[in-house]
Each structure stands twice: as structure tokens, then as C-alpha cells.
Amino acid sequence: MKKDTFTFTNNRTNESYEFNILDATRGPSVVDISSFYKQTGMFTFDVGYTSTASCESRITFIDGEKGELRYRGITIEELAENHSYLETCYLLLNKRLPTKEELLDFDLELRHRSFIDENLITLIGTFPDSAHPMSILSSGVSALSSFYYEHLNMENEKECQDMARRIIAKIPTLAAFAYRKSLGIPFIYPDIDRSFTENFLYMLRAYPGGKMKRTATGVEEIKAIEIKALDTIFTLHADHEQNASTTTVRNVASTGAHPYVAISAGISALWGRAHGGANESVIAQLEMIGDVSNVDAFIARAKDPNDDFRLMGFGHRVYKNFDPRAKALKKLQDKLKDELNLDSKLMEIAHKIEEIALNDEYFIKRNLYPNIDFYSGVILTALKIERPMFTAIFVIGRTVGWITQLMEFKNDSSSKIARPRQLYLGE
Ligand code: ACO
């Protein structure tokens, strides 16, 4: 059968060239332009990859127009409501949800692998107390490549899975240690009696000897609702197809570099304010706005073409309708309002911004809706997590996505070193 093709005509020469159209199982088809230069002697030009598919993938699907997000075919709403973060990790890594026994094994394995080498702890200890947790986290993960150098070459699926499970298990510990280092307080080792998400909250909050805070009314244990809230946040962040940090991970891996170095590069890419760093900036911005009476003035600044002020937590390259992760978090926020101590002042300002922006011509015309980062900060604040840790929380959730994408890249025989071209305009 003749393949569908796309014809380019160069009206300088009147020559036409045909390129195959490849169909996706969902979403837009693509034009295969891999032979474009060979055929035409020209490059294509697409700054920021706004129309370019950089790889084949079978992991995550986004329909930006409909506001739909699926991991391995399952909607994010189904996963956030009816499954745990560890089930989601298993799903991403193994292409299906685990059985009860598989989940138990996976959980126990991660608990036992959550410890980090004492020399790595010494390294973390050498950072200045003022270091941002993301800086320590990125360096710590890069350093992990020295402790597990054998993961450079993975000959079989079992070795890949070991590499993946190890990093997923250790990321919360590294993040918690980075946090405690930034506060200048003693490190708390993982407690294997606690589940993945509970253990992370424990490592953030506990006192030496594994004691929890005491108040006049008793011991402040970690609440089930807090574990569920953070677990949902991890699930909603678990993967997001070819975003900036994932593309960074794939690009670094494409050179044959160690997987953990590629993850470290992804962490660095995520840190920026246009990407995962936005969750920290949202709360900073809400605090700067300070009061609902100031919201109008900030909205005016966001709309002013001569002012580079942007509303943090608004807009997305792919979602041109509501971000489904934001929708799920808004639902969670409303649920938590009465059960946790959500900052009502910040929520009031956030609601006012949302209300104005969703009805304002400027935002409507540009399809600017709240994204996941707009809502996560208020919930994380209620979980008593300090602002500099917000992007590190994103890292914990996203590590499974990065590593799954990296493994897909390694297993794809058509993968190539990432090497874009340029439109040279210099001397
Ligand atoms: N506030 C005000 N105006 C905005 C915003 C915003 N948050 N975002 C985009 N715009 C405007 C731009 O000024 C531009 O207007 P113009 O056409 O009049 O020049 C138009 O909307 C398109 O913006 P681009 O920057 O071209 O859109 P792009 O898809 O490249 O950027 C991005 C997406 C980076 C997320 C952008 O919307 C942004 O900076 N948002 C704020 C930061 C943020 O929340 N980042 C988190 C993203 S989600 C995540 O990574 C997990």
C-alpha cells in the first residue's frame, strides 16, 4: 500500500519533495523529515521545538486541547484517585499496574534501597548551609554515578530495573538530606517501617532518634491525609512526555553518559522558573501580592507588553485548555481546606487571580490557564514543607518519568545522539 506523504515545494527552484506521514496511536500525525537535508540541502527551523517530535514514545500521552493526560493509557484522574504513587511508578516502569504481591515486593525493595552511602552524606555535609536544596540534589545525584558506576552499561532488563529502582528509592533521602543541610539541622536516616511517601515526610520532620515533635497536646504524628496529599502530588508529577527536563535527560543519555548524570542534568533543567521552579515562584508571588486588593495591579502588569512580569503558575506550552493536573490539585486543595491548615490568605489571593484571569480577554486569547504549579505550593505549605523544597518535591515525583524515558531511549534501536542544526547569521 502506498504510504501517505507530505509534499514540500521549493518555489525558488520549483522542485517538490515527498516525506512520509507517520500516524500516532493518539494525537497528531508527524511528517518524517529525517531525510530533509539530504533531499533538499536545507535544514528546518523550529526554535524551542514548538512543532517538532523528537522521538517515538509509548509512555505518556497529552491532549493539550482537551486537557487530557495519560500514563501508559491510564488517565491521570484514575491514577490520582484510585492508585498510589508506587503503583504509578510500577506502571511507568513495567507498562502495567502491579498485582498486590508485586506491589508489596516493589515497596519493600524501595524501602531497603532508600539509604545512601556514608561518603555521599559527607559530601552533602560540605555544602554551605545557605545552599539551595536543588543545588545539593543535582550534585548528589551526579555523585551517585560514582557510587554505582556499573550502571553505565546495562546489559539486560534486570540491570536496568536495578538502576531505576535504586534512583527512585534514594531520591527522597537525598532531597530530605539536602533540605536538612539547608536548615543546618542533623540528617534523619530512612525508617524502613514507613512507606515511601510517609518516610519522606518523616525524614523532613523527625528529631534525632526518630522522635516526632512534641506539643502540649501530645506527639505530632504524620497524618494519613498528609501522606495521601503528598502521594497524589508525586503521582501528578510522575511524567509529562517530552518537556524541557525530560528532553535534557534524553539528550544527555544520547551521548552514552551515565544514567544518573543524565538525571542530574534533568534536575538542573527542572530548576528554572519557566519549568518546575515555578512552584516556588508562585508562592513568592502570592506573598509579594500580599492582599486581594493588590491583585488587579499585578494582573495589569502581567498584561503590559512593556513589563516582563508574568503570572507564575499560568500558561503552558502544551495545554491550551485547563491543565488536568491543576484540576486534580484544585480538587485536592478544596478537600484539604478543612482538614489541613491551608493558608487562607494565600488561597484568597490565588482564587481572585484565577477568577480574573479566567475571564480576562488577554488570558483567554492566549489560552493561559492555571498550571500544576499554581496549586501545589499552597498544599505543600500546609504540609509544613518550606518553599525552597517545592521544586525538590517535583524532582521526587518526576524521577520515575525521567528514568522510564531514558530506558525507552536506550532500548530504541533508532535512537541517535541529539545534535540539532542551526541557522547561522554570524560573520
Ligand atoms: N503571564 C502573562 N502572560 C503570559 C504568561 C504568564 N504566565 N505566559 C505566557 N504569557 C503570554 C506571553 O507574554 C505571550 O504573549 P504575546 O503573544 O502577547 O507575546 C503569550 O502569552 C505566549 O507566551 P509564550 O512565552 O510564547 O508561551 P510558551 O508556550 O513559550 O511558554 C510558559 C510557556 C514558559 C510556561 C509560559 O506560559 C510561562 O512563562 N509561564 C509562567 C511560568 C510557569 O508557570 N511555568 C510552569 C509551567 S508548567 C511546568 O513546567 C510544570
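Residues numbered from 1 in each chain as written. Predicted model: local features only at pLDDT ≥ 70, side-chain atom pairs only at ≥ 80, totals over all residues. Heavy atoms only, no water.

## Topic: the overall build of the protein
Here is step 1: When its secondary structure is counted, the protein shows 18 helices and eight strands.
Here is step 2: Structurally, the protein occupies a C-alpha span of about 85 × 60 × 50 Å along its principal axes.
Here is step 3: For the protein, the proportion of its 427 residues judged to be buried stands at 49%.
Here is step 4: In the protein, the proportion of contacts linking residues at least 24 apart, taken out of those at least 6 apart, comes to 70%.
Here is step 5: When the accessible surface of the protein is summed, it comes to about 21,500 Å², and 50% of that surface belongs to carbon and sulfur atoms.
Here is step 6: Distance between charge centroids for the protein: 1 Å, based on 51 positive and 58 negative side chains. (Helix = DSSP H or I, 4+ residues; strand = E, 2+ residues; numbered from the N terminus. Buried < 20%, exposed > 50% of the residue type's maximum accessible area, 1.4 Å probe, protein only. Contact = heavy atoms within 4.5 Å. Areas by Shrake-Rupley, 256 points an atom, 1.4 Å probe, with all protein chains shown as cover. Lys, Arg positive; Asp, Glu negative; His and termini not counted. Charge placed at Lys NZ, Arg CZ, Asp CG, Glu CD.)

## What to know about helix H3 (residues 85-94)
What sets the pattern is the α-helix's 3.6 residues per turn: residues three or four places apart point alike.
Here is step 1: With nine of 10 residues buried, H3 lies mostly within the body of the structure.
Here is step 2: All buried positions along H3 are accounted for by Tyr85, Leu86, Glu87, Thr88, Cys89, Tyr90, Leu91, Leu92 and Leu93.
Here is step 3: Residue lysine 95 follows H3 closely and has a positive phi angle near 70°.

## Section: the pattern of salt bridges
Here is step 1: With the rule as written, the count across this model stands at 24 salt bridges.
Here is step 2: The partner of arginine 387 in a salt bridge is glutamate 287, and the shortest N-O contact between them spans 2.2 Å. Taken together, the residues arginine 387 in the loop between helix H17 (372-382) and helix H18 (390-411) and glutamate 287 in helix H12 (residues 278-289) connect sequence positions 100 residues apart. (Salt bridge = Lys/Arg side-chain N within 4 Å of Asp/Glu carboxyl O.)

## Details of the sheet that holds strand S3 (residues 30-31)
Here is step 1: Within the open sheet, the three strands sit side by side as S1-S2-S3. Their pairing is antiparallel. Only two strands of the sheet have a single neighbouring strand rather than two, namely strand S1 (5-10) and S3.
Here is step 2: Two elements, S1 and strand S2 (residues 15-22), share six bridges in a ladder whose sense is antiparallel. Residue pairing for S2: threonine 5 is matched across the bridge by asparagine 20. (Pairing = 2+ DSSP bridges.)

## Thoughts on the side chain of glutamine 285
Here is step 1: Looking at the element boundaries, glutamine 285 is found in helix H12.
Here is step 2: Residue glutamine 285 is classed as buried on the basis of its relative accessible area of 9%.
Here is step 3: Here the side chain of glutamine 285 touches methionine 312 through a polar contact of 2.9 Å, landing on its backbone nitrogen.
Here is step 4: With near-sequence residues (within four places) excluded, glutamine 285 lies in contact with Phe309, Arg310, Leu311 and Met312. (Polar contact = N/O pair within 3.5 Å; in protein donor to acceptor, adjacent residues only side chain to side chain.)

## Digging into the packing of helix H7 (residues 157-183) against H18
Here is step 1: Closest axis-to-axis distance for the H7/H18 pair is 9 Å, and the angle between their directions is 170°. The angle between the axes of H7 and H18 places the two elements in the roughly antiparallel class. Only Ala392, Val395, Ile396, Thr399, Val400, Ile403, Leu406 and Met407 of H18 make contact with H7, whose side of the interface consists of Glu157, Cys160, Gln161, Met163, Ala164, Ile167, Ile168, Ile171, Pro172 and Ala175.
Here is step 2: For the contact of H7 with H18, the residue count by class is 15 nonpolar, two polar and one charged. (Axes fitted to C-alpha atoms, helices over the stretch in contact; angles between N-to-C directions. Parallel < 35°, antiparallel > 145°, perpendicular 65-115°, else oblique. Nonpolar A, V, L, I, M, F, W, Y, C, P; charged D, E, K, R; others polar.)

## Regarding the site of the ligand
Here is step 1: Near the ligand, the surroundings consist of 20 residues, among which His275, Arg310, Leu311, Gly313 and Phe314 are the closest.
Here is step 2: Contact between the ligand and alanine 274: a nitrogen atom at 3.1 Å from a main-chain N or O atom of the residue.
Here is step 3: Residue arginine 366 places a side-chain N or O atom 2.9 Å away from an oxygen atom belonging to the ligand.
Here is step 4: Relative to its unbound accessible area of 940 Å², the ligand is 71% covered by the protein chains.
Here is step 5: Here the shell around the ligand is composed, by residue class, of 10 nonpolar, five polar and five charged. (Near = heavy atom within 4 Å.)

Bear in mind that shape data such as this cannot, by itself, settle questions of function.
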